[in-house]
Amino acid sequence: MRKVVIHGPGGREKLLVEEHPDPSPGPGEVLIDVEAAGVNFADVAVRLGLYKSAKTYVGWPITPGFEVAGRVRAVGDRAGDIEPGTPVLAATRFGGYASVIAASHALVLRRPESMSAEDGAGLPVVGLTAYYALFELCRPRPGQRVLIHAAAGGVGGALLQLARIAGCEPIAVVGNANKVAHARRLGAAAVIDRSREDLWRAAERHAPTGYDMILDATGPETLRHSYRHLAPAGRLVVYGFASMLSRGGGGRRNPFRLLSGYLRLPRFSPLRMTAENRSVLAFNLSFLFDRTDLFQEAMEQLLTWYAEGKLVLPSPATYSLRRVADAHRDIESGETTGKLVLRTDQ
Ligand SMILES: NC(=O)c1ccc[n+]([C@@H]2O[C@H](COP(=O)([O-])OP(=O)(O)OC[C@H]3O[C@@H](n4cnc5c(N)ncnc54)[C@H](OP(=O)(O)O)[C@@H]3O)[C@@H](O)[C@H]2O)c1
């Protein structure tokens with residue numbers, strides 16, 4: 001089998017495609033012939049050595065990748081009754097950038113025949129993240145106003161669609177004009193292009209009394225203002241810190257940017273939060289992989305919405321495994337819309 005291996009933190013040249021013996025499925029595992037693997041912004045942080053759960057669970061060397069789609073090759077003991085050949089998708093805590101993977105059966109689901117491997121590989125992370133943020137943490141109600149940062153990205157696009165499914169009014173924030181149409185297609189009631197207008201003045205125009213929910217994975221650049229723009233009883237969901245990394249900065253760590261980002265992070269006062277009736281919620285799903293109950297409930301709901309045509313999977317940008325560095329370059333640039341996936345069989 002072939003997989004991408006990173007032997008130590010660094011730039012994109014650290015992404016090596018290597019040949020290794022095929023794994024065999026252990027107890028509770030399903031062996032999957034991977035056709036496509038999702039690429040996520042978090043994979044860049046893994047490569048740079050900045051991702052806490054990668055250090056906690058794997059260390060170096062590491063094969064990144066949180067999601068795959070393909071077909072079952074074999075099934076280990078106590079791994080359910082899924083037949084070899086069945087099309088599947090799976091969430092994986094690392095290891096996804098590979099042509100074969102042994103995945104925990106609790107995180108493997110049948111993939112509808114109508115869903116391509118590329119689309120399937122792009123669903124678990126963005127779908128689970130958006131579902132957890134909105135439905136587990138926020139309890140959205142129809143008519144509520146939701147501000148979504150980086151709304152044309154992978155997770156952002158899923159948030160737009162799920163906010164619409166919940167009957168909310170999603171306002172999208174995007175970083176350049178090329179992303180506006182994508183955000184509109186996925187359900188944005190309005191799009192703020194922050195390269196052309198002042199983000200927060202526009203945000204106030206769309207919701208003069210504040211937002212019921214703000215979904216923020218941009219981090220130091222936006223968090224303080226995101227909190228200030230909550231309506232009473234509003235919830236700020238923090239789930240990433242993209243602006244701590246350099247946009248297209250040669251793919252390397254920028255210690256100055258990391259430090260200045262860290263210093264710019266707001267400190268929230270429980271006293272003020274209580275008096276203002278504003279909440280700050282935060283999560284990282286890569287520390288929640290043992291919550292297979294959450295995974296299964298969310299994935300079943302997402303697949304139901306997909307079958308009903310309520311959730312669409314915009315065609316992802318695809319790369320062969322050996323072009324993995326290009327995929328990282330593109331997602332690091334901050335210029336992509338939607339998902340990126342690797343075709344592992346090319
Ligand atoms: N906590 C969790 O469990 C969890 C799970 C999945 C993802 N995430 C987080 O969610 C965010 C979105 O992930 P994704 O994989 O779907 O990526 P993505 O949104 O497709 O790409 C990242 C986007 O962030 C924005 N951005 C802001 N500052 C940036 C910078 N310095 N460099 C590059 N991009 C920057 C860009 O959009 P604009 O220019 O349009 O703003 C860019 O397109 C990431 O921060 C990721 O770490 C968290």
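Let us look at the structure shown here.

Scoring rules and cut-offs
Residues numbered from 1 in each chain as written. Predicted model: local features only at pLDDT ≥ 70, side-chain atom pairs only at ≥ 80, totals over all residues. Heavy atoms only, no water. Near = heavy atom within 4 Å. Polar contact = N/O pair within 3.5 Å; in protein donor to acceptor, adjacent residues only side chain to side chain. Areas by Shrake-Rupley, 256 points an atom, 1.4 Å probe, with all protein chains shown as cover. Helix = DSSP H or I, 4+ residues; strand = E, 2+ residues; numbered from the N terminus. Axes fitted to C-alpha atoms, helices over the stretch in contact; angles between N-to-C directions. Parallel < 35°, antiparallel > 145°, perpendicular 65-115°, else oblique. Left-handed = near helix turned anticlockwise from the far one by under 90°. Contact = heavy atoms within 4.5 Å. Nonpolar A, V, L, I, M, F, W, Y, C, P; charged D, E, K, R; others polar. Buried < 20%, exposed > 50% of the residue type's maximum accessible area, 1.4 Å probe, protein only. Core = buried A, V, L, I, M, F, W, Y, C linked by side-chain atoms within 4.5 Å. Domains from an automatic or database assignment. Salt bridge = Lys/Arg side-chain N within 4 Å of Asp/Glu carboxyl O. Phe/Tyr/Trp six-rings, centres within 6.5 Å; stacked < 30°, edge-to-face > 60°. Lys NZ or Arg CZ within 6 Å of the ring centre and 35° of its normal. Arc of directions from axis to C-beta.

**Some points on the site of the ligand**
Next, step 1: Inspection of the region around the ligand gives 24 residues, with Val155, Gly175, Arg194, Leu245 and Leu285 positioned closest.
Next, step 2: Interatomic distance of 2.9 Å between a backbone N/O atom of Phe41 and an oxygen atom of the ligand.
Next, step 3: Here an oxygen atom of the ligand sits 2.7 Å away from a polar atom, N or O, in the side chain of Arg194.
Next, step 4: Burial of the ligand by the protein chains amounts to 94% of its free accessible area of 900 Å².
Next, step 5: Broken down by secondary-structure element, the contributors of at least two residues to the shell around the ligand are α4 (124-138) and α5 (154-165).

**Details of the packing of α4 against α5**
Next, step 1: Contact geometry of α4 with α5 gives a least axis separation of 8 Å together with a crossing angle of 50 degrees. Between α4 and α5, the interaxial angle falls into the category oblique. Judged by the twist between their axes, the crossing of α4 over α5 is right-handed. Between α4 and α5, the contacting residues are Val126, Gly127, Thr129, Ala130, Tyr131, Ala133, Leu134 and Phe135 on the first element and Gly154, Val155, Ala158, Leu159, Leu162 and Ala163 on the second.
Next, step 2: In terms of residue class, the contact of α4 with α5 is made up of 11 nonpolar, 3 polar and no charged.

**Notes on the side chain of Arg47**
Next, step 1: As for its position among the elements, Arg47 is in helix α1 (residues 41-47).
Next, step 2: A residue is classified by how much of its surface remains accessible, and Arg47, at 0% relative accessible area, is buried.
Next, step 3: Of note is the side chain of Arg47, whose polar atom sits 2.9 Å from the backbone oxygen of Gly10.
Next, step 4: A distance of 2.7 Å separates the side chain of Arg47 from the backbone oxygen of Gly251, its partner in a polar contact.

**Overview of the nonpolar core**
Next, step 1: Among the nonpolar cores identified, the biggest contains 79 residues, and Leu159 and Leu215 are the most heavily contacted of them.
Next, step 2: Looking at which element gives the most residues to this core, the answer is α4, with 9 residues.
Next, step 3: Here this core gathers at least three residues from each of two domains, domain 1 (2-123 + 314-343) and domain 2 (125-284).
Next, step 4: By size, the runner-up hydrophobic cluster in this structure holds 19 residues, among which are Val173, Tyr211, Tyr227 and Met273.

**Thoughts on the pattern of salt bridges**
Two side chains carrying opposite charge are able to pair once their charged atoms lie near each other.
Next, step 1: Counted by the stated rule, this structure contains 21 salt bridges.
Next, step 2: As a salt-bridge pair, Glu197 and Arg205 come within 3.3 Å of each other at their nearest N and O atoms.
Next, step 3: With a relative accessible area of 53%, Arg205 lands in the exposed category.
Next, step 4: A salt bridge links Glu308 to Lys310, with the shortest nitrogen-to-oxygen separation between them at 3.1 Å.
Next, step 5: By relative accessible area, which is 47% here, Glu308 ends up partly exposed.

**Observations concerning the packing of aromatic side chains**
Next, step 1: Applying the stated criterion to the full structure yields 9 aromatic pairs.
Next, step 2: A network of ring pairs unites the aromatic residues Tyr51, Phe66 and Phe94 as a single cluster.
Next, step 3: Of note, Arg93 hangs over the ring of Tyr57, and the distance from its end group to the ring centre comes to 3.5 Å.
Next, step 4: The cationic tip of Arg278 hangs over the ring face of Tyr227; the distance from NZ or CZ to the ring centre is 5.4 Å.

**Side note on helix α7 (residues 199-206)**
For an α-helix the count is 3.6 residues per turn, leaving residues at separations of three or four pointing the same way.
Next, step 1: The complete set of buried residues in α7 reads Leu199, Trp200, Ala202 and Ala203. In a view along the axis of α7, the buried residues occupy a sector of 160 degrees, so they form one face of it. Exposed and facing more than 90 degrees away from the buried side of α7 are Arg201 and Arg205.
Next, step 2: On its buried side, α7 packs onto β8 (145-148), β9 (169-174), β10 (190-193), β11 (211-216) and α8 (223-228).
Next, step 3: The N-capping residue of α7, defined by a side-chain oxygen 3.2 Å from the backbone nitrogen of Trp200, is Asp198.

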